[in-house]
Structures are given as C-alpha cells and as structure tokens.
Amino acid sequence: MKILLCGARGFVGSHLERALVRAGHQVIGGVSSVRAGERDRVAVNYARDVQMADWLPRVRDVDAVINAVGILRSTSGRPITAVHTDAPKALFDACAEAGVPRVIQVSALGIEHSATQYAQTKLAAEKHLQGLVASGRLSATILRPSIVFGKGGDSSALFVNLAKLPVALLPGPVIDARVQPVAVTDLADAVVNLLQTSPQPPGPLPCVGPQAVQLGDFIASLRRQLGHRPAKVLRLPDVLTTLSAMMGDMVSASPWSSEAVDLLKQPNVASPAAFEAVLGRSGVHYSRLLAETWH
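A quick note: this is a predicted structure, and the numbers were derived from the prediction, not measured.

(A) Quick peek at empty space enclosed by the protein. The final tally for this structure, using the stated rule, is one cavity of 30 Å³ or more. The biggest single contributor to the lining of the largest cavity is helix α3 (residues 80–98), with four residues. Among the residues making up the lining of the largest cavity, the classes are represented as eight nonpolar, one polar and no charged.

As structure tokens, this is what we get:
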C-alpha cells in the first residue's frame, strides 16, 4: 500500500514507519519540515493546515492514512486544539472526499473520562471521524493505547531514569496511577495487521499490554529489569504535588502540569482481548518491556 503517515518523526510514528516498510508498504511521511535529501516526505503544518483543501492534494492516490500526531501541551506555535482537533478533522474530511480506503487514528485510552484539554481535543477528533464512518463515507479504526513504552519515547526515558534512582520522591498520582503499558513494537505490529483486515474493527480499540499495574510498581519493575536492588520510594506530600504541577503549568516545555496530574488520576486500563485478537498473539508483559523494546 501507499500510506500517508502523519507524525512520522514522532516516537510512535517512527516505529510505525519502520514496521510498515518492513511489511512492504510505501510510506509518505507527513513531517513539520522536509530535510535536504529526504525522499517520501511531505511538509505539514499541523497548527495551520486546518482546511480540507490543505489535505486533498496529500491524500489523493494513497491507499491508507495514519494519523499518529499528538502533543501533551499547547504552545503558541502549536495550539493543541489545532493539532489534535482542527487538522485531523480536515484530514478526515479530505480522506472521505478523496475516497481513501482506510484511515487509522492513534488516540489515547481514558480520554472519555477526562475533562483535560488533551483529552477533549483528542475526543473531538474521534467523534468527527466516527461521524464520517457512521454516514458511510469512510472506513476507519481508532486506536486508544495506554502508556506506550519503548526506546525513543520521552515518558519511557523518564520512567527508566526514575528506576535508576536508589531513592525516589514521587507524587502520589505517579505512584498510584493504574496503567497497562503496551510495547511500541506491539502497537506497530497491530497497525500492520489492521491494514490487512477487512472490514475494519468497529469502535475504538484499546491497545494495552497483558496486565494492568500501578505506575509506581511499573517503575519498580523497570528497576529490577535493570538489575538493581529495590529502591526506597517516598511519597511527595499532596500540597507539594499540587504546587509542583502549578509550577509546571508555567513552563510549556514541561510534561509535568496540572493536566498531567488529572490524566494520571484516570484509570488507564482495559481488557487486552480485542488488541490481542488484532495482534495475533499476547503482547509483551510489562516485566519484559525493557529487554524487548530498549534496543
């Protein structure tokens, strides 16, 4: 297939591209800028390309479109509503207009229970895509992964660095959050399999690992996988957690913010059955993630 992959330079997008190329597909990477000598790349401004006309030339003559673009925080150059909602809606409309056979949207697990801007902007794009599917104008699958783990991911690197500390002072929401980490390689393999599936699976597809775990225990598991003895974990008082999140709100580049705290309070777990049916096997268990993805 000839595939337009939006967000090809991102953590998830780069792994998707490698898996798609290995499977024999031709990938056109939608990226913020095209570097000298690059082939099969198209420049996209996800903050400004918010009209169907912006996308029609890019989606003509492609067999599938995958949108793997996502940001945690809004900035002046990349407003989160434009990146998560307006550009994807225009992209999906263009796909419907051009008759693109398959669309895959990489969203996030738990967004339907969160009032955060991240969740609501992701959910708005989902609802628009579902409307196009319901009207018969498009065939699409929405993927909702839990925490995606693998080399190259910012959150993955943060968890590994925390696991190396002999003493860790962690906010309560980090220790208590329930997650179901999924290997980025499993997510990529599932996307490859979905492109060979007809018809597309209905409804959002939770993409999760085989077992749920508290995030604090997951970090402890990473420490064991690194060969270290158990660390001493101290809980940051709630008032300091709130204060640190407020300080993070003032630094747009920081992943830690009040919204991050709110997202961590939402359960990020689901049954793995549907994902494993697409994957064709059980996913990587969280106790083996470091060995199987960190290379």
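(B) Representation of helix α2 (residues 52–59) within the structure. Of all the positions in α2, only Trp55, Leu56, Arg58 and Val59 are classed as buried. Check the buried side of α2 and you find it contacts β1 (2–6), β3 (41–43), β4 (64–67) and α3. Immediately beyond the C-terminal end of α2, within one or two residues, lies aspartate 61, with a positive phi of roughly 70°.

(C) Structural detail: the pairing of strand β5 (residues 102–106). Counting buried positions along β5 yields five of five residues, so the element is predominantly enclosed. Because side chains alternate across β5, one face comprises the buried residues Arg102, Ile104 and Val106, and the other comprises Val103 and Gln105, equally buried. Bridge count for β4 against β5 is four bridges, and the pairing is parallel. Bridging from a neighbouring strand, valine 65 pairs with valine 103 of β5. A crossover links β4 with its parallel partner β5, the connecting element being α3, and its sense is right-handed. Bridge analysis of β5 against strand β6 (residues 140–145) gives four bridges, and the strand direction is parallel.

(D) Here's a closer look at unusual backbone geometry. In this structure, aspartate 40 is a non-glycine residue whose phi angle is positive, near 55°. Structurally, aspartate 40 is set in the loop between β2 (26–31) and β3. A relative accessible area of 41% means that aspartate 40 is categorised as partly exposed. A positive phi angle, close to 70°, is found at aspartate 61, a residue other than glycine. Here aspartate 61 is to be found in the loop between α2 and β4. Owing to a relative accessible area of 69%, aspartate 61 belongs among the exposed residues under this scheme.

(E) Looking closely at the side chain of glutamate 126. Considering the arrangement of structural elements, one finds glutamate 126 in helix α4 (residues 117–134). Under the relative-accessibility criterion, glutamate 126 is labelled buried at 1%. Looking at glutamate 126, its side chain comes within polar contact range of the side chain of serine 107, at 2.6 Å.

(F) Here's a closer look at the nonpolar core. Trp55, Val59, Val65, Leu91, Phe92, Cys95 and Leu138 are the most contacted members of the largest nonpolar core, which has 33 residues in total. Those elements that provide at least two residues to this core are β1, α2, α3, α4 and β6. In terms of residues, this core owes the most to one element, α3, which gives eight residues. In contact with tryptophan 55, not counting residues within four places along its chain, are Leu4, Cys6, Val44, Tyr46, Asp49, Ala87, Ala90, Leu91 and Ala94.

(G) Representation of the packing of α3 against α4. Orientation of α3 relative to α4, taken along the N-to-C sense of each, is 10°, at an axis distance of 8 Å. As summarised for this structure, α3 and α4 are arranged roughly parallel, according to the angle between their axes. Contacts between α3 and α4 involve Ile80, Thr81, His84, Thr85, Pro88, Lys89, Phe92, Asp93 and Ala96 on the former and, on the latter, Gln117, Tyr118, Thr121, Lys122, Ala124, Ala125, His128, Leu129 and Leu132. Its residues placed into classes, the contact of α3 with α4 shows nine nonpolar, six polar and three charged.

What counts as what
- Residues numbered from 1 in each chain as written.
- Predicted model: local features only at pLDDT ≥ 70, side-chain atom pairs only at ≥ 80, totals over all residues.
- Heavy atoms only, no water.
- 1 Å grid on protein atoms, 1.4 Å probe; cavity = no way out; pocket = protein on both sides within 12 Å on 5 of 7 lines; lining within 4 Å.
- Points joined across faces, edges and corners; volume = space filled by probe spheres on them.
- Helix = DSSP H or I, 4+ residues; strand = E, 2+ residues; numbered from the N terminus.
- Nonpolar A, V, L, I, M, F, W, Y, C, P; charged D, E, K, R; others polar.
- Buried < 20%, exposed > 50% of the residue type's maximum accessible area, 1.4 Å probe, protein only.
- Contact = heavy atoms within 4.5 Å.
- Pairing = 2+ DSSP bridges.
- Right-handed = clockwise from strand over helix to strand, strands pointing away.
- Polar contact = N/O pair within 3.5 Å; in protein donor to acceptor, adjacent residues only side chain to side chain.
- Core = buried A, V, L, I, M, F, W, Y, C linked by side-chain atoms within 4.5 Å.
- Axes fitted to C-alpha atoms, helices over the stretch in contact; angles between N-to-C directions.
- Parallel < 35°, antiparallel > 145°, perpendicular 65-115°, else oblique.

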